[in-house]
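The lines below spell out each chain.
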Amino acid sequence: MIHPILRMGDPRLLLRAEDITEFDAPELHQLVADMVDTMRAAGGVGLAAPQIGVPLRLVIFGFDHSERYPEAPPIPFTVLINPELEPLDGMLALGWEGCLSVPGMRGEVPRWERLRYRGYDIHGQRIEREVEGFHARVVQHECDHLDGVLYPMRIGDLSRFGFTDELFPELAGETTA
Ligand code: NI
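1. Description of the coordination of the nickel ion
With distances of 2.1 to 2.2 Å, the protein atoms coordinating the nickel ion are C99 (SG), H141 (NE2) and H145 (NE2). Mapping the donors of the nickel ion onto the primary sequence yields the spacing C-x41-H-x3-H. Taken together, the residues C99 in the loop between β4 (92-97) and β5 (105-112) and H145 in helix α2 (residues 133-145) connect sequence positions 46 residues apart. For the pair formed by C99 and H145, the shared burial category is buried.

Okay, structure coming up:
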């Protein structure tokens with residue numbers, strides 16, 4: 001089922017979400033299915049449970065090809081629960097981000113270029129990956145939602161924040177963000 005996505009200004013986007021303690025539960029499967037439906041309907045590359053008003057530490061991300069980020073390399077579809085992030089060398093990189101909770105806008109955000117992430121899948125199996133580039137960026141963006149952080153809070157140079165169709169006229173055909 002497609003859920004409405006909360007938008008910046010909704011106080012629920014600013015809360016710290018709670019750990020998930022029961023894996024493989026029917027409610028968890030339903031939540032993930034709803035998040036997938038919602039993310040795909042919105043054309044997003046990731047979604048965090050708090051964005052549909054569920055204060056749990058669960059994010060999904062991944063795509064083969066994104067209309068929103070046409071240059072981005074594919075990321076395998078992933079359900080990541082109770083994630084922990086660890087930078088590998090502390091190097092930061094700037095890159096453009098959008099967010100389904102901040103529709104129609106983009107901003108340039110510093111993120112760790114390389115990181116290790118750990119967490120669990122929907123069955124409670126451990127996930128551990130070392131990633132870089134856009135994959136690393138998406139994970140950091142989604143996991144920030146679990147701590148009540150939206151990407152505009154991380155922008156260093158606010159002159160690099162604006163409306164997508166002004167910044168990137170070539171993406172003007174997109175309707176979702
Ligand atoms: Ni977001």
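2. A few points about the side chain of N82
Here N82 is to be found in strand β3 (residues 75-87). Within the structure, the side chain of N82 is placed 2.9 Å from the backbone nitrogen of I20, a separation counted as a polar contact. Excluding its chain neighbours within four sequence positions, the residues that come into contact with N82 are D19, I20, F23, R57, R118, G119 and Y120.

3. Digging into the sheet that holds β5
Strand order in the open sheet formed by three strands is β4-β5-β8, and the pairing between neighbours is antiparallel. Each edge of the sheet is formed by a strand with only one pairing partner; in this case those strands are β4 and β8 (161-163). Each strand of the sheet is rotated relative to its neighbour by a mean of 25°, with strand direction disregarded. Sheet topology places β4 next to β5; six bridges connect them, and they run antiparallel. Residue pairing for β5: E97 is matched across the bridge by G107. Seen against the sheet, α2 touches β4 and β5 and runs at an angle of roughly 105° to β5.

4. A few points about the pattern of salt bridges
Taken as a whole and assessed by the stated rule, the structure comprises 16 salt bridges. Between R116 and E86 there is a salt bridge, with the nearest N and O atoms lying 3.1 Å from each other. Residue R116 is located in strand β6 (residues 114-120), and its partner E86 is located in strand β3; the two are separated by 30 residues in the primary sequence. Note on E86: relative accessible area 31%, which makes it partly exposed. As a salt-bridge pair, R137 and E97 come within 2.8 Å of each other at their nearest N and O atoms. You can see R137 sitting in helix α2 and its partner E97 sitting in strand β4, a full 40 residues away along the chain. Neither residue differs from the other here; R137 and E97 are each classed as buried. Because the salt bridges share partners, they merge into one network encompassing E86, R116, R118, E128 and E130.

5. Section: the side chain of T78
Mapped onto the elements of the fold, T78 is located in strand β3. At 2.9 Å, the side chain of T78 and the backbone oxygen of P76 are in polar contact. At 2.8 Å, the side chain of T78 forms a polar contact with the side chain of R129. Apart from the residues within four sequence positions on either side, T78 is in contact with V59, I60, F61, I127 and R129.

6. What about the pairing of strand β2 (residues 58-63)?
For a regular strand, side chains alternate in direction, first toward one face of the sheet and then toward the other. Among the six residues of β2, six are classified as buried, and the element is accordingly described as predominantly covered. Of the two faces of β2, the one holding L58, I60 and G62 and the one holding V59, F61 and F63 are both buried throughout. Across three bridges, strand β1 (residues 46-48) lies against β2 in antiparallel orientation. If you follow G46 over to β2, its bridge partner there is F61. Alignment of β2 against β3, held across five bridges, turns out to be antiparallel. Residue F63 lies in a different strand from β3, and its bridge partner there is I75.

Cut-offs and rules
- Residues numbered from 1 in each chain as written.
- Predicted model: local features only at pLDDT ≥ 70, side-chain atom pairs only at ≥ 80, totals over all residues.
- Heavy atoms only, no water.
- Donors = N, O, S within 2.8 Å, 3.2 Å for Na, K, Ca; no water.
- Helix = DSSP H or I, 4+ residues; strand = E, 2+ residues; numbered from the N terminus.
- Buried < 20%, exposed > 50% of the residue type's maximum accessible area, 1.4 Å probe, protein only.
- Polar contact = N/O pair within 3.5 Å; in protein donor to acceptor, adjacent residues only side chain to side chain.
- Contact = heavy atoms within 4.5 Å.
- Pairing = 2+ DSSP bridges.
- Axes fitted to C-alpha atoms, helices over the stretch in contact; angles between N-to-C directions.
- Salt bridge = Lys/Arg side-chain N within 4 Å of Asp/Glu carboxyl O.

Everything listed is a geometric property; what it means functionally is a separate question.
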